[in-house]
Amino acid sequence: MQILEREETARNRSVGLQRAMAKLDDRSRRIIEARWLKGGGSRATLQELATSTECPPRRIRQIESKAIKTMRSQMAMAA
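### Side note on the overall build of the protein
Counting its regular elements, the protein contains four helices and zero strands. Reading the protein from its N end, one meets helices and strands in the order α-α-α-α. Scaling as 2.2 N^0.38, a compact globule of 79 residues should have a C-alpha radius of gyration of about 12 Å, whereas the protein reaches 15 Å, well beyond that. Each of the three principal axes of the protein carries a C-alpha extent, and together these read 50 × 30 × 15 Å. A total of 79 residues make up the protein; the buried ones form 24% of that total. A separation threshold of at least 6 residues defines the contact pool for the protein, and within that pool the share at least 24 residues apart is 51%. Seen as two clouds, the 17 positive and the 9 negative side-chain charges of the protein have centres 6 Å apart.

### Some remarks on helix 3 (residues 46-53)
Since the α-helix packs 3.6 residues into each turn, any two residues three or four apart lie on the same face. Listed in full, the buried residues belonging to helix 3 are Leu46, Leu49 and Ala50. Down the axis of helix 3, the smallest arc covering the buried residues is 105°, so these residues share one side. Structural note: helix 3 exposes Thr51 and Ser52 on the side pointing more than 90 degrees away from its buried face. Looking at the residues trailing helix 3, positive phi occurs at Glu54, about 60°.

### Thoughts on the environment of Ala76
Relative to the helices and strands, Ala76 is located in helix 4 (residues 57-78). Residues Ala76 and Glu64, spaced twelve residues apart in sequence, show a C-alpha to C-alpha distance of 18 Å.

Reading guide: rules and limits
- Residues numbered from 1 in each chain as written.
- Predicted model: local features only at pLDDT ≥ 70, side-chain atom pairs only at ≥ 80, totals over all residues.
- Heavy atoms only, no water.
- Helix = DSSP H or I, 4+ residues; strand = E, 2+ residues; numbered from the N terminus.
- Rg over C-alpha atoms; globule rule 2.2 N^0.38 Å.
- Buried < 20%, exposed > 50% of the residue type's maximum accessible area, 1.4 Å probe, protein only.
- Contact = heavy atoms within 4.5 Å.
- Lys, Arg positive; Asp, Glu negative; His and termini not counted.
- Charge placed at Lys NZ, Arg CZ, Asp CG, Glu CD.
- Arc of directions from axis to C-beta.

From the geometry alone we can't say anything about function, so treat these as descriptive.
This is the structure in structure tokens:
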């Protein structure tokens, strides 16, 4: 029974994450994916993202923070 509950919880989180990501604009989504959702320990640094997007690292951090706040809000509404 506990295994089924854990699987359901994981599935709900996954769906919630997908919905929250869908609410982000393309640039924010790319930044979140590169910084947090890449597997294998190959997460992008602020400097790497700054170079690829031609934005200063400080701006990347601002976009990332706003995106995380938006995602938290979306996931809280879904819960």
